[in-house]
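For reference, the chains in residue letters:
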Amino acid sequence: MRDREHQSVCNRTERKDERVRLRNIKTGDIGLAFQCTPPGETIQVELEDGSLDSWPATDCEEAR
């Protein structure tokens, strides 16, 4: 995910309370973003099975 895309996801997630659907390009997992780390390096996601994970922004893409 490019920096501009990452900023968009974080803004929508944290300022608009939108649960952005993301895919981890390395694992293929799908999750809903719920928080970004303060330095902006990772995105906290809730996986489809309800578990929580943290993904590097470079490993993510928006799932449509």
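Residues numbered from 1 in each chain as written. Predicted model: local features only at pLDDT ≥ 70, side-chain atom pairs only at ≥ 80, totals over all residues. Heavy atoms only, no water.

Novice: Can you explain the overall build of the protein? Please cite residues and give values.
Specialist: Helix and strand counts for the protein come out as 1 helix and 5 strands. Secondary structure elements of the protein occur, N-terminal to C-terminal, as α-β-β-β-β-β. The principal-axis extent of the C-alpha atoms belonging to the protein is close to 25 × 20 × 20 Å. Within the protein, counting contacts between residues at least 6 apart in sequence, those at least 24 apart form 38% of the total. Total accessible area computed for the protein in this model is approximately 4,300 Å², and 43% of it derives from carbon and sulfur atoms. For the protein, the separation between the mean place of its 10 positive charges and that of its 14 negative charges on side chains is 7 Å. (Helix = DSSP H or I, 4+ residues; strand = E, 2+ residues; numbered from the N terminus. Contact = heavy atoms within 4.5 Å. Areas by Shrake-Rupley, 256 points an atom, 1.4 Å probe, with all protein chains shown as cover. Lys, Arg positive; Asp, Glu negative; His and termini not counted. Charge placed at Lys NZ, Arg CZ, Asp CG, Glu CD.)

Novice: Let's hear about the sheet that holds strand β1 (residues 21-24): which residues, and what values?
Specialist: The strands making up a sheet associate through hydrogen bonds between their backbones, and the pairing can be parallel or antiparallel. Strand order in the open sheet formed by 5 strands is β4-β3-β2-β1-β5, and the pairing between neighbours is antiparallel. Whereas interior strands pair on both sides, the edge strands pair on one side only; in this sheet they are β4 (52-56) and β5 (60-62). On average, adjacent strands in this sheet sit at an angle of 45° to one another, irrespective of strand direction. Of the pairings in the sheet, the one linking strand β2 (residues 30-36) to strand β3 (residues 42-47) comprises 5 bridges and is antiparallel in character. Bridge assignment links A33 to a residue of β3, and that residue is V45. In the packing of helix α1 (residues 3-15) onto the sheet, contacts are made with β1, β2, β3 and β5, and the angle to β2 comes to roughly 75°. (Pairing = 2+ DSSP bridges. Axes fitted to C-alpha atoms, helices over the stretch in contact; angles between N-to-C directions.)

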